[in-house]
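Remarks on the overall topology
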Amino acid sequence: MPRSQRDLKLGYSDRVTTRCNNHEFKLTRHEYRQVFLYALKKALAKFQFKLYTLYIMILSEDRSSVSIYH
């Protein structure tokens, strides 16, 4: 099912959340996070948007704790 079109308004901010394929989180290794950040920087340069804050949250295997990188 396709995603509905976003209603973007000039001067407003928007929150974007994303997951990896199949709702799995694959950014647990430092190298993977670096690739993600590289792609994000390329998108910033191409589309000229402002990024105020980025959080990468990693839930532990037993789901008892969360690591947050920002």
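Heads up: the structure comes first, above all this text.
To start, this report covers the structure provided alongside it. (Residues numbered from 1 in each chain as written. Predicted model: local features only at pLDDT ≥ 70, side-chain atom pairs only at ≥ 80, totals over all residues. Heavy atoms only, no water.)

1. Considerations on the overall build of the protein chain
Helix and strand counts for the protein chain stand at one helix and two strands. Residues classed as buried in the protein chain amount to 7% of the 70 residues present. Put simply, 21% of the contacts in the protein chain that link residues at least 6 apart link residues at least 24 apart. (Helix = DSSP H or I, 4+ residues; strand = E, 2+ residues; numbered from the N terminus. Buried < 20%, exposed > 50% of the residue type's maximum accessible area, 1.4 Å probe, protein only. Contact = heavy atoms within 4.5 Å.)

2. Focus: a nonpolar patch on the surface
A cluster of nonpolar side chains, Phe 47, Phe 49 and Leu 51, forms an exposed patch at the surface whose accessible area comes to about 290 Å². Relative to the helices and strands, Phe 49 resides in the loop between α1 (30–47) and β1 (56–59). (Patch = residues over 30% accessible without salt bridge, like charges linked within 9 Å, V, L, I, M, F, W, Y side chains within 5 Å. Areas by Shrake-Rupley, 256 points an atom, 1.4 Å probe, with all protein chains shown as cover. Salt bridge = Lys/Arg side-chain N within 4 Å of Asp/Glu carboxyl O.)

3. Description of unusual backbone geometry
Even without being glycine, Gln 48 reaches a positive phi, approximately 55 degrees. Looking at the element boundaries, Gln 48 is found in the loop between α1 and β1.

4. What about the packing of aromatic side chains?
Ring pairs (aromatic) are described by centroid distance and by the angle formed between their planes. As enumerated under the stated definition, the model contains zero aromatic pairs in all. When the ring centre of Tyr 32 is taken as origin, the NZ or CZ atom of Arg 29, which lies over that ring, is 5.1 Å away. (Phe/Tyr/Trp six-rings, centres within 6.5 Å; stacked < 30°, edge-to-face > 60°. Lys NZ or Arg CZ within 6 Å of the ring centre and 35° of its normal.)

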